[in-house]
Amino acid sequence: MNYDAMMPRDPFADDPNDPASFLDPEEPAPPLENDERAAIVEDLRLVRECQAKLTPRGMRGILFLCEDCDEWHYYDWEIMAANMQATLDGKLAAVHEPSAEPDVHAYVPWDYALGYLDGMEAR
Ligand SMILES: [Zn+2]
């Protein structure tokens, strides 16, 4: 979640003596710890697997209750993957917008998707 875009403009933004000017706003997010990175790489792999195996079964992505909005959000597999890839690339995940008028029946909780994959592999 990136709140910076919603903040009022910095009154010192064009002041070369701005005490905060050493903070480069274009600077990438702090590097990920190795275990964080490994977890995201694994999640990304799972999202791609979901995309390949669950899309043909009518599941287009993930739904979850967002703690920021207190509303349900619906993310296509592709958006999930893009967000994870952005995080791995050291960029802030840009996408927070839920899909416009999603077909809510085409989205499942993440745990359900993982359970479904497990079930498919067990056969
Ligand atoms: Zn939200």
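Bear in mind that the values here come from a model prediction, so they are computed numbers and not experimental data. (Residues numbered from 1 in each chain as written. Predicted model: local features only at pLDDT ≥ 70, side-chain atom pairs only at ≥ 80, totals over all residues. Heavy atoms only, no water.)

A. Main features of the nonpolar core. Grouped together as the largest cluster of nonpolar side chains are 18 residues, with contacts concentrated most on Leu54, Trp77 and Ala113. Those elements that place two or more of their residues in this core are helix H1 (34–54), helix H2 (77–88) and helix H3 (110–122). With six residues, the single largest contributor to this core is H1. In contact with Trp77, not counting residues within four places along its chain, are Val47, Cys50, Gln51, Leu54, Thr55, Met59, Arg60, Gly61, Ile62, Trp110 and Ala113. (Core = buried A, V, L, I, M, F, W, Y, C linked by side-chain atoms within 4.5 Å. Buried < 20%, exposed > 50% of the residue type's maximum accessible area, 1.4 Å probe, protein only. Helix = DSSP H or I, 4+ residues; strand = E, 2+ residues; numbered from the N terminus. Contact = heavy atoms within 4.5 Å.)

B. Structural view of the pairing of strand S2 (residues 72–76). Relative to S2, strand S1 (residues 61–65) runs antiparallel, the two sharing five bridges. Its bridge partner lying in S2, Leu63 is registered against Tyr74. Counting the residues in the hairpin turn of S1 and S2 gives six residues, including Asp70, whose phi is positive at 60 degrees. (Pairing = 2+ DSSP bridges.)

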